[in-house]
Amino acid sequence: MRIDLHSHTTLCNHAEGSVDDFVEKAIENGIDIFAFSDHAPMDFDPTYRMSFEEMALYKELVMDARQKYMNKIEILFGYEVDYLPGHMDERVLKADVDFLIGSVHFINKWGFDNPEFIGRYEHEDIDVIWQKYFDLIEAMAKTKLFDIAGHIDLIKVFIFMPKKDILEMAMPALEAIKEADMVLELNVAGYRKPCEEPYPSPQLLQAAFDLGIPITFGSDAHNPEQVGLYRQEAEELARSIGYTQCAYFTNRQRTMVTF
Ligand SMILES: [Zn+2]
Ligand SMILES: [Zn+2]
């Protein structure tokens, strides 16, 4: 089975292509289960996400695609939710979805993965921000609000690397993911970014495997061309570590399948 649980729509204001274009590309790539998990609305950083008012439209677009393509591919419905204390909203957290991805895109409200704000790295202690980032991943897992931990080492995106040992810094976060019975996303967007490797790194993926954390696959596609890209690399990496199964969710219930 081929699964891709992470993709976006133009509702987030930083993606391109129609829902149909994404789905058709997924079918072309032999994907069996494809999910939309667009950036959930939030009363912070509204520029890069849909509004609360657009949630109904988002659901309608995905449900229409589910119907239209039901004989060719299974379409799932989710959100990528920012873990940002004080800004998570019940309308999202209690939404009727197949799954929620929990992601950290902000450290003290700094959008560290946004090229627009890259200048701030020069003013930060890199070791400190890496630790803060993994502390946030750990806190996100401990809320037990989410099914999937999104791109858990996104902080490496622009290759401002720490002097401290990454595995040591990330271990409490991985343990919290295990404790929360969450699934880890093997997200290939990193291949398209300066860091040129998936999230998480092979080292952290190995640690997740050793802890018995299940994985799923995510293209994090922001345009149809990115659907299915680096699929083979991701599968090969997962297999080389020992993974043979991946997860998907329907109505927030996990199913494991062989990939
Ligand atoms: Zn995005
Ligand atoms: Zn993300």
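Each value, and the rule that gives it
- Residues numbered from 1 in each chain as written.
- Chains lettered and ligands numbered in written order.
- Predicted model: local features only at pLDDT ≥ 70, side-chain atom pairs only at ≥ 80, totals over all residues.
- Heavy atoms only, no water.
- 1 Å grid on protein atoms, 1.4 Å probe; cavity = no way out; pocket = protein on both sides within 12 Å on 5 of 7 lines; lining within 4 Å.
- Points joined across faces, edges and corners; volume = space filled by probe spheres on them.
- Helix = DSSP H or I, 4+ residues; strand = E, 2+ residues; numbered from the N terminus.
- Nonpolar A, V, L, I, M, F, W, Y, C, P; charged D, E, K, R; others polar.
- Donors = N, O, S within 2.8 Å, 3.2 Å for Na, K, Ca; no water.
- Buried < 20%, exposed > 50% of the residue type's maximum accessible area, 1.4 Å probe, protein only.
- Right-handed = clockwise from strand over helix to strand, strands pointing away.
- Pairing = 2+ DSSP bridges.
- Contact = heavy atoms within 4.5 Å.
- Axes fitted to C-alpha atoms, helices over the stretch in contact; angles between N-to-C directions.
- Polar contact = N/O pair within 3.5 Å; in protein donor to acceptor, adjacent residues only side chain to side chain.

Peer 1: Help me understand empty space enclosed by the protein in this model?
Peer 2: Empty pockets left among the atoms are what a rolling probe the size of a water molecule brings to light. On inspection of all chains with the given rule, the structure shows 2 cavities of 30 Å³ or more. For the largest cavity, the calculated volume is near 70 Å³. Taken together, Asp 4, Ile 31, Leu 186, Val 188, Phe 217, Gly 218, Ser 219, Gly 228, Leu 229, Tyr 230, Arg 231 and Ala 234 form the lining of the largest cavity. Among the elements of the structure, strand E7 (215–218) and helix H7 (231–241) are those that each provide at least two residues to the lining of the largest cavity. Here the lining of the largest cavity is composed, by residue class, of 7 nonpolar, 3 polar and 2 charged. Approximately 60 Å³ is the volume found for the second largest cavity. Those elements that place two or more of their residues in the lining of the second largest cavity are strand E3 (74–82) and helix H3 (90–93).

Peer 1: In this structure, what is going on with the coordination of the zinc ion (ligand 2)? I would like to understand it.
Peer 2: The protein atoms donating to the zinc ion (ligand 2) are Glu 80 (OE), His 105 (NE2) and His 151 (NE2), with metal-donor distances spanning 2.0 to 2.2 Å. Motif for the zinc ion (ligand 2), donor spacing along one chain: E-x24-H-x45-H. The zinc ion (ligand 1) is placed at 5.6 Å from the zinc ion (ligand 2). Of this pair, Glu 80 sits in strand E3 while His 105 sits in the loop between strand E4 (99–103) and helix H4 (126–142), and the two are 25 residues apart along the sequence.

Peer 1: Before we go on, may I ask you to explain the pairing of strand E6 (residues 183–187) in this structure?
Peer 2: Residues in a regular strand project their side chains so that they alternate between the two faces of the sheet. Summarising burial for E6: 5 of the 5 residues are buried, a large majority. Alternating residues of E6 divide into Val 183, Glu 185 and Asn 187 and Leu 184 and Leu 186, and every residue in both groups is buried. What joins strand E5 (residues 148–149) to E6 is helix H5 (residues 166–179), and the crossover it makes is right-handed. Sheet topology places E6 next to E7; 4 bridges connect them, and they run parallel. Looking across to E7, one finds that Glu 185 is bridged to Thr 216. Between the parallel pair E6 and E7, the chain is carried across by helix H6 (residues 202–211), and the sense of this crossover is right-handed.

Peer 1: Sorry, what's going on with the pairing of E3 here?
Peer 2: Here E3 lies mainly inside the structure; 8 of its 9 residues are buried. Looking at chain direction, strand E2 (residues 33–39) and E3 are connected through 7 bridges and run parallel. Bridging from a neighbouring strand, Asp 38 pairs with Tyr 79 of E3. Remark: the E2/helix H2 (residues 55–68)/E3 crossover connection has right-handed handedness. When E3 meets E4, the two strands line up parallel, connected through 5 bridges. Note on E4: the bridge partner recorded for Gly 78 is Phe 99.

Peer 1: So what exactly am I meant to see when it comes to the sheet that holds E3 here?
Peer 2: Strand pairing in a sheet relies on backbone hydrogen bonds, with the paired strands running either antiparallel or parallel. Ordered by their spatial adjacency, 7 strands build an open sheet running E1-E2-E3-E4-E5-E6-E7, and the pairing between neighbours is parallel. Unpaired on one side and paired on the other, strand E1 (3–4) and E7 mark the two borders of the sheet. Against the sheet, H7 engages E1, E6 and E7, with an angle of about 165 degrees to E7.

Peer 1: Looking at this model, I keep getting lost on the side chain of Asn 223. Mind explaining?
Peer 2: Looking at the secondary structure, you find Asn 223 in the loop between E7 and H7. When its relative accessible area of 18% is taken as the criterion, Asn 223 is described as buried. Polar contacts involving the side chain of Asn 223 include one to the main-chain amide nitrogen of Glu 225, which spans 3.0 Å. Here Asn 223 is in contact with Glu 16 and Phe 22, once residues within four sequence places are set aside.

Peer 1: Hey, could you run me through the coordination of the zinc ion (ligand 1) in this one?
Peer 2: Geometry reference: four tetrahedral donors at a metal, ideal angle 109.5 degrees. Six octahedral donors, ideal angles 90 or 180 degrees. Those donors, His 14 (NE2), His 39 (NE2) and His 222 (NE2), are the protein atoms that reach the zinc ion (ligand 1), and they lie 2.0 to 2.1 Å from it. In the primary structure, the donors to the zinc ion (ligand 1) are separated according to the pattern H-x24-H-x182-H. Its relative accessible area of 31% is what places His 14 among the partly exposed residues. The class for His 222 is buried, based on a relative accessible area of 18%.

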